[in-house]
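What follows is the residue order along each chain.
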Amino acid sequence: MNLRETTFGEFLKPSQIIFDLKSRDKLEAIEELLDSLVRLKLINNKNLTLTRIVDRENLESTALGHGLAVPHARVDTEGQIAVAVGRSAEGIDFDAPDGQPVRLIILVVWNPSLPGLFNHLFAGLASFLIKPENRFRLFNSRDKEELHAVLSEIRFSFPREDKIINRASLLKKLQDIEIRIRRAPKDRLEELQKHRNLIREELDQSLLARFDLLMDRYGYAVAEVVDGVCRSCNMSVSTQMASAIEESNDIYVCENCGKYLVAARKEKIAREKVEKARKEKPAAQAEKAVKAKEAGKKKPARK
Ligand SMILES: [Zn+2]
């Protein structure tokens, strides 16, 4: 495959970095970054872009954990891609999965003529940001130029190799929405379809083609992995794959039944355990009652 290697420096100039965001609020911070892109003439429709980004945030926070967030939207803009970076020393509440305030926001707007661009970009960002030493250098940059130099080390390959990256929770969400659409009342349909289209825009075509095929054939395409077992076929997945699924947000395919595998949400597992315990409790109580009754029979009847 013909790969073009480049770095983040191609898309990010120091002028696109706000070293000290004034905003202390998620929405305001996104607006502050968009305003800078308007000033730099890198986007021409602030309101539409803001709406798209907020719609996407409402669907699922783009905070990655570790103080990072990547709000993004696909919008018809002048150029192919517009990037802005904002740093907040105090941190901004972004509804992050780890609850940590966000100290670095990487905002990405890209043109619909390049549907897969964000996936390539995100892959490069993720592999850089996953390393604690890189995050340390980003958070401890003394000025805009130093921050720009560190960010410019991030490497990208376009088009990316055929690896499916970091889309597992979106794929699961897409399945949930597709299932809800099947039996949604008319007044809810429009909103659900809007959500569905937002997610589909972010997933690549080969992934969606297989997803649609599985949905058609089985009614679902994504299976959760609980305690190393695929919930679709009840077969164990390899230990190596199970821990990879648990630790990442990558998408894997069950070797046995062909479904996409995602890690089960921890709160869901906890809820199911409570549910199971509650179901077992009445049975235990009934057993106790029977025993008590039998014991009662043995007692001499009072007269
Ligand atoms: Zn399976």
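(A) Summary view of the pairing of strand 6 (residues 81-92). Examined bridge by bridge, strand 2 (residues 17-18) and strand 6 share two bridges and lie parallel to one another. Bridging from a neighbouring strand, I18 pairs with G86 of strand 6. Where strand 6 lies against strand 7 (residues 102-110), eight bridges are found, and the strand directions are antiparallel. The partner of A82 across the bridge, within strand 7, is V109.

(B) Representation of the packing of helix 6 (residues 168-182) against helix 7 (residues 186-202) in the model. The geometry of helix 6 relative to helix 7 is characterised by a closest axis approach of 10 Å and an angle of 150° between their N-to-C directions. With respect to helix 7, the axis of helix 6 lies roughly antiparallel. Viewed along their axes, helix 6 and helix 7 form a crossing whose handedness is left-handed. Residue-level contacts link L170, K173, L174, I177, E178, R180 and I181 of helix 6 to L189, L192, Q193, H195, R196, I199, R200 and E202 of helix 7. The residue inventory of the contact of helix 6 with helix 7, partitioned by class, reads seven nonpolar, two polar and six charged.

(C) Region of the structure containing the nonpolar core. One finds L33, V83, V102 and I105 to be the most contacted residues of the largest nonpolar core, which totals 45 residues. Here this core gets eight residues from one element, more than from any other, and that element is strand 7. Once residues within four sequence positions are removed from consideration, L33 is found in contact with I18, A84, G86, I105 and L107.

(D) Representation of the packing of helix 1 (residues 26-39) against helix 2 (residues 46-59) in the model. Helix 2 packs onto helix 1 with a crossing angle of 145° between their chain directions and a minimal axis gap of 10 Å. Remark: the crossing between helix 1 and helix 2 carries right-handed chirality. Listed contacts from helix 2 to L27, I30, E31, L34 and V38 of helix 1 are K46, T49, L50, I53 and V54. Its residues assigned to classes, the contact of helix 1 with helix 2 comprises seven nonpolar, one polar and two charged.

(E) Focus on the pairing of strand 12 (residues 260-263). Going residue by residue along strand 12, you find Y260 and V262 tucked away on one face and L261 and A263 tucked away on the opposite face as well. As paired elements, strand 9 (residues 222-226) and strand 12 share four bridges and run parallel to each other. The partner of E224 across the bridge, within strand 12, is V262. Strand direction decides the pairing type here: strand 11 (residues 252-253) and strand 12, joined by two bridges, are antiparallel. When the bridges of strand 12 are listed, Y252 appears paired with L261. What sits between the antiparallel neighbours strand 11 and strand 12 is a turn of six residues, in which G258 has the positive phi angle 80°.

(F) Main features of the sheet that holds strand 11. If you trace the four strands from one edge of the open sheet to the other, you get 10-9-12-11, paired in mixed fashion. Edge positions in the sheet fall to strand 10 (229-230) and strand 11, since each of these pairs with one other strand and no more. Against the sheet, helix 6 touches strand 9 and strand 12, its axis set at about 110° to strand 12.

(G) Up close: unusual backbone geometry. The backbone phi angle of K41 is positive, close to 60°, even though this residue is not glycine. Along the chain, the position of K41 falls in the loop between helix 1 and helix 2.

(H) Just helix 5 (residues 144-151), in detail. The set of residues buried in helix 5 consists of L147, H148 and L151. Summarising the axial view, the buried residues of helix 5 lie within an arc of 100°, below the 170-degree limit, and thus occupy one face. Where helix 5 is buried, its residues contact strand 2, strand 6 and helix 4 (132-139).

(I) Structural view of the confidence of the model for the chain. Residues of the chain with pLDDT of at least 70 account for 83%, and the chain-wide mean is 84. Note on residues 160-165: pLDDT under 50 across the span, and twelve contacts to partners over four residues away in sequence or across chains. The model gives residues 299-303 a pLDDT under 50, and that stretch makes zero contacts with residues more than four places away or in other chains.

(J) Structural context of helix 2. The end-to-end C-alpha distance of helix 2 is 20 Å, a good match for the 20 Å that 14 residues give at a rise of 1.5 Å each. Of all the positions in helix 2, only T49, I53, R56 and E57 are classed as buried. In a view along the axis of helix 2, the buried residues occupy a sector of 100°, so they form one face of it. Residues of helix 2 that are exposed and angled more than 90 degrees away from the buried face: N47 and N58. Here the buried face of helix 2 lies against helix 1, strand 5 (72-74), strand 7 and helix 7.

Basis of the calculations
Residues numbered from 1 in each chain as written. Predicted model: local features only at pLDDT ≥ 70, side-chain atom pairs only at ≥ 80, totals over all residues. Pairing = 2+ DSSP bridges. Helix = DSSP H or I, 4+ residues; strand = E, 2+ residues; numbered from the N terminus. Axes fitted to C-alpha atoms, helices over the stretch in contact; angles between N-to-C directions. Parallel < 35°, antiparallel > 145°, perpendicular 65-115°, else oblique. Left-handed = near helix turned anticlockwise from the far one by under 90°. Contact = placed C-beta atoms within 7 Å. Nonpolar A, V, L, I, M, F, W, Y, C, P; charged D, E, K, R; others polar. Core = buried A, V, L, I, M, F, W, Y, C linked by C-beta atoms within 7 Å. Buried ≥ 20, exposed ≤ 12 C-beta atoms within 10 Å, placed from the backbone. Arc of directions from axis to C-beta. pLDDT = per-residue confidence, 0-100. Expected span 1.5 Å × (residues − 1).

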